Amino acid sequence: MKFEAPAGSNLFDRSQIVGKSTPRIDGPLKTTGQAPYAYERHDMANQAYGWVVGSAIAKGLIASMDVSDAQSAPGVIAIVSAPDTKPVGKGIANNAPLFGGPEIAHYHQAIACVVAETFEQARYAASLIRTTYDRSQGAFDLAKVAPDAPLAKGDDSKSTLGDFDAAFAAAPVKLDARYTTPDESHAMMEPHATIAAWEGDKLTLLTSNQMVAWAKQSMGKILGIDPANVRIDSPFIGGGFGGKLFIRADAVMAALAAKKAGRPVKIALQRPLIANNTTHRHATIQHIRIGAEKDGKITAISHENWSGNQNGKNGEDATLQTPKLYAGANRLTANYVATLDLPEGNAMRAPGEAVGHLALEVAMDELAEKLGMDPVELRIVNEPKMVPGSPEKKFSDRNLVRCLREGAERFGWSRRSKTPGSMRDGRWLIGMGVAAGYRAGPTEASGAHVKLDADGRITVETDMTDIGTGSYTIIAQTAAETMGVSLDQVKVELGDSRYPKSSGSGGQWGAASSTAGVYAACVNLRRAIGEKLGFDADAATFEDGSIRSGNRSYKLTEAGALSADGEMTYGDFKDDYDVGTYAGHFVEVGVDAYTGVTRIRRMLSVCDAGRILNPLSARSQVIGAMVMSAGAALMEELAVDPRFGFFVNHDLAGYEVPVHADIPTQDVVFLDTLDDIVTPMKAKGVGELGICGPGSAIANAIYNATGIRIRDYPLTLEKYLSEMPAVA
Ligand code: MOS
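Residues numbered from 1 in each chain as written. Predicted model: local features only at pLDDT ≥ 70, side-chain atom pairs only at ≥ 80, totals over all residues. Heavy atoms only, no water.

K.L.:
It is not clear to me how the overall build of the chain should be interpreted in this structure. Could you clarify?
P.N.:
If you tally the helices and strands in the chain, you get 16 helices and 31 strands. Since a compact globule built from 728 residues should have a radius of gyration of about 27 Å, the 27 Å found for the chain is in line with a globular shape. With the principal axes as the frame, the chain shows a C-alpha extent of 80 × 70 × 50 Å. Buried positions account for 62% of the 728 residues belonging to the chain. On the chain, roughly 26,900 Å² of surface is accessible, and the fraction owed to carbon and sulfur atoms is 51%. (Helix = DSSP H or I, 4+ residues; strand = E, 2+ residues; numbered from the N terminus. Rg over C-alpha atoms; globule rule 2.2 N^0.38 Å. Buried < 20%, exposed > 50% of the residue type's maximum accessible area, 1.4 Å probe, protein only. Areas by Shrake-Rupley, 256 points an atom, 1.4 Å probe, with all protein chains shown as cover.)

Here it is in structure tokens:
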């Protein structure tokens, strides 16, 4: 059902509930263990345990697979294995089949699943499967294949404006540098997990997935069944970060195994399988050239980017932010994707921009250094008046300069010494760094069903997901505000494909989009109430369980039980407006003068993302993203074995992520902006903004502390220890 907003609606500008810091309504369920994650669900009887076997080669063929010993091991119910099952079709956005064999597309691709009465029996039996392979040579080293990589598919893989080469050659001040970022793993707390059950030809998946409607379609396509026969239920998710945007092997293997076993099967991908079996963020090689006048005005800017993926599929487009952040009449961006036989690269939190900033925002720092300019001022001088390269577009609402100025003020930026290596605190060399941040503010169509019961309570149903972000709470706030009831009168049901299709969670579109859909459904419910009781709902005030319309008033309960659907969809405003979110990121580090160890001392991010629906959970989103950006800067890297084509450090012992001791002080400040263009909520997402920039501010702070510029992430100390300045 399409939705028409009430004329002149300013419902949320009253902001009784929306916009107020609100503890998560699902918090008590989570802290008391009553919010079941997929693997813990008991609402399906007779579950058997599945164990996934991953390929031990990266490329080639399975020559033989002997499952006879496994089959007769204690407790084994069924084995799904490559030789007895034809390769399962490709799913939406999956580059390699999620069940491999005889052809192998990547290391740890699922090749078998053992189902047993207990987890231990399944694991033991799986160890008895003997597989032999014909291994073939693959391409695993991005640096080797990048020079011959073709342009990425799509119109905007290369764009030019003016004459970059001539302007760059003529520029009095030039920066020309290359940066590299490694493959990274999502490393979410909850592994990919699914319980699958068949009832005739109907399949139910209790799973952990960010995009319920995609999963339903994808599962139908992969299994060759009608998607209408697939039910997805994903009410609680222990982190996704883009790794759970798509159906993965846990769901496919559970479905196949449950069919063969004739009973429900539960699978959690083993942690050591996740890095190579699922998706990861692609490594990049980035070449940035910037030419500027002596006053800092950029005259030429070029950002070229190389990454790799299977079958020439999408890479990591690290150039995305470059046309949005800085002015400059002569421009070039290009995005190249090489073919690699590593596991599938795909979306990870702020795909593109997260690593694009790691290069661009260091390049800007290097340019500021060459100009002898303050890096905050350099960015402000280059603030664009219109969208560079898209003169037909306006920025919907853009307050980057305010973010930078307010951040500098709050952080005490004026205390920074311009001369690298000149600030000292005992054994620590102290440095401060800054970076700008940009991430798109997309919106997607989103629907909901809202019910009013006879007691005046509201229930919202939508297939929207909460990946730890706080969706439950902002949806409850939206419904409470729109229907004029208190928060505890609202119940929110998420993640079930039987509910109306929502935007799902991804690309930081979830908060703005899903609440707009809930708002639409609530406005329709108000209208249904108005129709029943005989008043104009759009002109009435719903407050404290009552309704005022002119000089009449009603109790919400007078309406009896009613319900309404609603969906927010969008016209073509994106042709006229560039909708973005912006940030100024500031970091202070200490680098140990003797050992070279880098310690973050303080982080501040000042964010501009329109109305902040729930400052408490939004802050937590930005803090999490800042931590992830610190990880990308200082420690995160999937190490590629270029001989055998797999990520060596494929568990949380070898894949290092920040811990509490790595992150002492974080501040997040939201500007009090409203974006009138995007949705009736005037809100944009923040979940990915916080990972766009802080890592480069860390790199810049290390330079300010030591005078050493490292362009190869992560910035681990063996890369700069030998260059450390001599100290007394
Ligand atoms: Mo996000 S990487 O689109 O979940």
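Past the structure itself, the notes keep going.
K.L.:
Whenever I open this one, helix α3 (residues 119-126) confuses me. Can you help?
P.N.:
A122, A125 and A126 are the residues of α3 that are buried. The buried residues of α3 occupy an angular sector of 100° when the element is viewed end-on, so they sit on one face. (Arc of directions from axis to C-beta.)

K.L.:
What should I look at first to understand the environment of N700 in this one?
P.N.:
Of note, N700 is situated in helix α16 (residues 694-706). With a relative accessible area of 1%, N700 lands in the buried category. Separated by 471 residues in the primary sequence, N700 and N229 have C-alpha atoms spaced 53 Å apart. Side-chain polar atoms of N700 contact the backbone oxygen of E361, separated by 3.1 Å. (Polar contact = N/O pair within 3.5 Å; in protein donor to acceptor, adjacent residues only side chain to side chain.)

K.L.:
Mind showing me how you'd approach the pairing of strand β5 (residues 110-116) here?
P.N.:
Residues in a regular strand point their side chains to alternate faces of the sheet. Burial of β5 is extensive: seven of the seven residues sit out of reach of the surface. Note: strand β1 (residues 48-54) against β5, six bridges, orientation antiparallel. Among the inter-strand pairings, V52 is bridged to a residue of β5, identified as C113. Across five bridges, strand β3 (residues 76-81) lies against β5 in antiparallel orientation. Bridge assignment links V76 to a residue of β5, and that residue is A116. (Pairing = 2+ DSSP bridges.)

K.L.:
Would you explain the nonpolar core in this entry?
P.N.:
One broad trend across soluble globular proteins is that nonpolar side chains are buried collectively. By size, the foremost hydrophobic cluster in this structure holds 83 residues, and its most contacted members are L367 and I698. Ranked by the residues each element gives to this core, the list is headed by helix α10 (residues 353-371), at ten residues. Leaving out residues up to four positions away in the same chain, L367 has contacts with V173, L175, I290, A292, I298 and L378. Within the second largest apolar cluster, 34 residues are counted, among which are A48, A110, M219 and V265. (Core = buried A, V, L, I, M, F, W, Y, C linked by side-chain atoms within 4.5 Å. Contact = heavy atoms within 4.5 Å.)

K.L.:
What is the right way to look at the sheet that holds strand β23 (residues 546-549) in this model?
P.N.:
Backbone hydrogen bonds hold the strands of a sheet together, and the pairing may be parallel or antiparallel. Read across the open sheet, the three strands follow the order β22-β23-β24; overall the sheet is antiparallel. With one partner strand each, in any of the chains shown, β22 (541-543) and β24 (552-555) form the two edges of the open sheet. Taking each pair of neighbouring strands and ignoring which way they run, the sheet shows an average axis angle of 20°. In the sheet, β23 pairs with β24 via four bridges, with the strands oriented antiparallel. (Axes fitted to C-alpha atoms, helices over the stretch in contact; angles between N-to-C directions.)

K.L.:
What's the story with the packing of aromatic side chains in this structure? I'm lost.
P.N.:
Any two aromatic rings considered together are summarised by their centre-to-centre distance and by the angle between their planes. Scanning the model with the defined rule gives 13 aromatic pairs in all. Judged by centre distance (5.6 Å) and plane angle (65°), the ring pair of W51 and F119 falls under edge-to-face. Linking W51 in strand β1 with F119 in helix α3, this pair joins segments that are 68 residues apart in sequence. Judged by its relative accessible area of 17%, W51 is buried. (Phe/Tyr/Trp six-rings, centres within 6.5 Å; stacked < 30°, edge-to-face > 60°.)

K.L.:
Sorry if this is basic, but what is going on with the packing of α10 against α16 here?
P.N.:
Between two packed helices, both the angle of their axes relative to each other and the distance between the axes serve to describe the pair. Viewed as axis vectors pointing N to C, α10 and α16 meet at an angle of 35°, and their least axial separation amounts to 8 Å. Of the two possible hands of crossing, α10 and α16 adopt the one that is right-handed. Residues H357, L358, E361, V362, D365 and E369 of α10 touch α16, and the partners they reach there are G695, S696, A699, N700 and Y703. Of the residues in the contact of α10 with α16, the class split is four nonpolar, four polar and three charged. (Left-handed = near helix turned anticlockwise from the far one by under 90°. Nonpolar A, V, L, I, M, F, W, Y, C, P; charged D, E, K, R; others polar.)

K.L.:
Would you explain helix α6 (residues 212-223) in this entry?
P.N.:
Since the α-helix advances by 3.6 residues per turn, residues separated by three or four positions end up pointing in the same direction. Along its twelve residues, α6 runs 16 Å from first to last C-alpha, staying within 8% of the 16 Å computed at 1.5 Å per residue. For α6, the complete set of buried residues consists of V212, A213, A215, K216, S218, M219, G220 and I222. Against the buried residues of α6 lie β10 (202-207), β11 (230-233) and α7 (249-261). Once α6 finishes, G224 follows within two positions and takes phi at roughly 70°, a positive value. (Expected span 1.5 Å × (residues − 1).)

K.L.:
Is there a simple way to explain the pairing of strand β8 (residues 173-181) in this structure?
P.N.:
Of the two faces of β8, only the one carrying V173, L175, A177, Y179 and T181 is buried; K174, D176, R178 and T180 on the other face are not. As paired strands, β8 and strand β13 (residues 284-292) are joined by nine bridges and run antiparallel to one another. By the bridge assignment for β13, K174 is matched with G291.

K.L.:
Just checking my understanding: could you explain unusual backbone geometry for this structure?
P.N.:
Leaving glycine aside, a negative phi is the common case for residues, and trans is the common case for peptide bonds. Omega for the bond connecting G101 with P102 falls within 30 degrees of zero, at 0°, which places this linkage in the cis form. Among the secondary structure elements, P102 is positioned in the loop between β3 and β4 (103-104). With omega at -10°, the peptide bond leading from Y713 into P714 counts as cis. Here P714 shows up in the segment after α16. Even without being a glycine, A187 presents a positive backbone phi close to 50°. Summarising the element assignment, A187 is placed in the loop between β8 and β9 (193-199).

K.L.:
What is the right way to look at the packing of helix α15 (residues 615-634) against α16 in this model?
P.N.:
It is the contact of α15 with α16, at a shortest axis distance of 7 Å, that shows an interaxial angle of 50°. On the basis of the axis angle, α15 is oblique to α16. Two packed elements cross with a definite hand, and for α15 against α16 that hand is right-handed. From α15, M626, S629, A630, A633 and L634 reach across to α16, where they touch P694, G695, I698 and I702. Tallied by class, the residues present in the contact of α15 with α16 amount to seven nonpolar, two polar and no charged. (Parallel < 35°, antiparallel > 145°, perpendicular 65-115°, else oblique.)

K.L.:
Just to check I follow, could you spell out empty space enclosed by the protein for this structure?
P.N.:
Enumeration over the complete set of coordinates arrives at four cavities of 30 Å³ or more. Roughly 90 Å³ of volume is contained in the largest cavity. Every residue along the wall of the largest cavity is listed here: S185, A187, R271, I274, A275, L638, N649, H650, D651, L652 and Y655. Looking at side-chain class alone, the lining of the largest cavity contains six nonpolar, three polar and two charged residues. Taken as a whole, the second largest cavity encloses approximately 50 Å³ of empty space. (1 Å grid on protein atoms, 1.4 Å probe; cavity = no way out; pocket = protein on both sides within 12 Å on 5 of 7 lines; lining within 4 Å. Points joined across faces, edges and corners; volume = space filled by probe spheres on them.)

K.L.:
Hey, could you run me through the sheet that holds strand β31 (residues 666-670) in this one?
P.N.:
Taken in spatial order, the five strands make up an open sheet running β17-β18-β27-β28-β31, and their pairing is mixed. Every interior strand has two partners, whereas the edge strands, β17 (424-425) and β31, have only one. Examined bridge by bridge, β17 and strand β18 (residues 428-440) share two bridges and lie antiparallel to one another. Across the sheet, D425 pairs through a bridge with W428, a residue of β18. Helix-sheet contacts for helix α12 (residues 400-411) involve β18, β27 (580-592), β28 (598-608) and β31, and the interaxial angle to β27 is about 30°.

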